[in-house]
Amino acid sequence: MIMRKESMPMKIFRMLGRNIRDAFRSVFRNFSLSIASISCITITLIIVAISILATFNVNNFTKLIREDVTMVVYVEKDTPSSYLEGIEAKIKENPNVLTCRRKTKEEVKKEMQESYEIFKNIMGEWTESENPLKDTFQVTVKDIEEIKKTAEEITALDGIDFVDYGEKMVESLISVFKTVQKVSILIVIALIIVTVFLIMNTIKLTIFSRKREISIMRLVGASNFSIKTPFVIEGMVLGFIGSILPILIVIYGYYAFYKKMDGHLGSPLIKLISPEPFIYISAIIVLTIGMLVGMIGSYRAVRKYLKV
């Protein structure tokens, strides 16, 4: 009988399949310790998941507010209408200008009249020649951090009286945005590191209880790789199981929160990210983090504590 030689890919798949099977068996064989590991992963991943949702929404708030910041460029009084197109063209040439919309003094007057009843009565009597308001340009920028420089460049143009964009408020917002983004990212990273550490210490107990089994494997000539692999896969399995509850919280919890808050947080200006596809992307991130930290925690526990 001729024995067929097994190809390398088939051999790798066979070994991987056996390691996955052994990992699942180990999870159920050491059920109490597995529950401890899964509970540890679940609790920390819930906090990580909430932090991720919060971080994405904070970044979304930042983006919306950045896009909403508008410079009002006031043209010098009595500037001929024929000059306004040239001024608009020069403003649009600025590399940081995103949009530029002209608003005549008659349009400004009309908007003010519609806003307040008292303006409607007073301004209603103004003729075009009596209108003391100025023509303006509503300008949005690409990079809010360069808004001060952009305002100075536009102010230097001929025919421009002054530029208003709420300088102090915008600078305060920029500072707050930077701080919040950095803090939120640091919180997520810190939670992931804490999760790895907790999993590593929990899985260390599992490995310690199987020290005899590992010693036998080494005596029969098992390689370091073949000893480590089941533990790493076991950590991945524990991470997967521990991710299930946080994923459900991400998907159903955020959807319920979004619906209850009617899509915004307190003010219509602070809009929440629409659930789909955001919740599914966040769920994948949580699952990936859970499986990765489970694998890393197991690997470090094997390497550090058993010196395999």
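Above this note sits the structure.
To keep things clear, this report deals only with the structure shown in the data block. These numbers come from a predicted model, not from an experiment.

A count of helices and strands for the protein gives ten helices and four strands. For the protein, the N- to C-terminal ordering of α and β elements is α-α-β-α-β-α-α-β-α-β-α-α-α-α. Per-residue burial for the protein yields a buried fraction of 37% across its 308 residues. Restricting the contact set of the protein to residue pairs at least 6 apart, pairs at least 24 apart contribute 81%. Accessible surface computed for the protein: about 18800 Å², of which carbon and sulfur atoms make up 64%.

Turning our eyes to something else, we now look at unusual backbone geometry. Backbone torsion omega between Glu276 and Pro277 reads 0 degrees, so that peptide bond is classified as cis. With respect to the secondary-structure elements, Pro277 resides in helix 10 (residues 275-305).

The four strands lie next to each other as 2-3-1-4, forming an open sheet whose pairing is antiparallel. The two strands at the open ends of the sheet, each matched to only one other strand, are strand 2 (97-103) and strand 4 (160-164). Shown here is a sheet whose adjacent strand axes are inclined to one another by a mean of 20 degrees, direction ignored. As defined by bridge partners, strand 2 adjoins strand 3 (residues 136-141) across six bridges and the pair is classed as antiparallel. Looking at the pairing, Lys103 lines up with Thr136 of strand 3.

Taken as a whole and judged by the stated rule, the model has four aromatic pairs. Considering the side-chain rings of Tyr254 and Tyr258, the 6.4 Å spacing of their centres and the 35 degrees angle between planes classify their relative orientation as tilted. On the criterion of helical spacing, the pair formed by Tyr254 and Tyr258 is a turn pair, its members being four residues apart in helix 9 (residues 224-260). Residue classification places Tyr254 among the buried residues on the basis of a relative accessible area of 4%. Residue classification places Tyr258 among the partly exposed positions, given a relative accessible area of 23%. Among the aromatic residues, ring-to-ring pairing joins Phe56, Tyr254, Tyr258 and Phe278 into one connected group.

What follows covers the environment of Glu145. Structurally, Glu145 can be placed in the loop between strand 3 and helix 6 (147-155). For Glu145 and Ser175, which are 30 residues apart along the polypeptide, the C-alpha to C-alpha distance reads 9.7 Å.

In this section: the pairing of strand 1 (residues 70-75). By the bridge criterion, five bridges tie strand 1 to strand 3 in an arrangement that is antiparallel. Bridging from a neighbouring strand, Met71 pairs with Val139 of strand 3.

Among the nonpolar cores identified, the biggest contains 23 residues, and Leu45, Val48, Ile52, Tyr254, Val286 and Ile289 are the most heavily contacted of them. Within the residue set of this core, elements represented by two or more residues are helix 2 (31-68), helix 7 (167-208), helix 9 and helix 10. Per-element tally for this core: the top contributor is helix 2, with eight residues. Tyr254 has contacts with Leu53, Asn57, Ile249, Leu272, Ile273, Pro275, Phe278 and Ile279, leaving out every residue within four places of it along the chain.

When charged atoms on two side chains of opposite charge get close, those side chains can pair. For the structure on display, the rule yields one salt bridge. For Lys92, the salt bridge is made with Glu88, and the minimal N-O distance between the two is 3.3 Å. One end of the pair, Lys92, and the other, Glu88, are both in helix 3 (residues 81-93), four residues apart, so they sit about a helical turn from each other. Look at Lys92 and you get partly exposed, because its relative accessible area is 48%.

Attention now moves to the environment of Ala49. Structurally, Ala49 is set in helix 2. Given a relative accessible area of 2%, Ala49 falls into the buried group. Sequence-wise, Ala49 and Ile249 are 200 residues apart; in three dimensions their C-alpha atoms are separated by 8.3 Å. Contact partners of Ala49, with chain neighbours within four places excluded, come to Pro246, Val250 and Val286.

Each value, and the rule that gives it
Residues numbered from 1 in each chain as written. Predicted model: local features only at pLDDT ≥ 70, side-chain atom pairs only at ≥ 80, totals over all residues. Heavy atoms only, no water. Helix = DSSP H or I, 4+ residues; strand = E, 2+ residues; numbered from the N terminus. Buried < 20%, exposed > 50% of the residue type's maximum accessible area, 1.4 Å probe, protein only. Contact = heavy atoms within 4.5 Å. Areas by Shrake-Rupley, 256 points an atom, 1.4 Å probe, with all protein chains shown as cover. Pairing = 2+ DSSP bridges. Axes fitted to C-alpha atoms, helices over the stretch in contact; angles between N-to-C directions. Phe/Tyr/Trp six-rings, centres within 6.5 Å; stacked < 30°, edge-to-face > 60°. Core = buried A, V, L, I, M, F, W, Y, C linked by side-chain atoms within 4.5 Å. Salt bridge = Lys/Arg side-chain N within 4 Å of Asp/Glu carboxyl O.

By themselves these figures say nothing about function.
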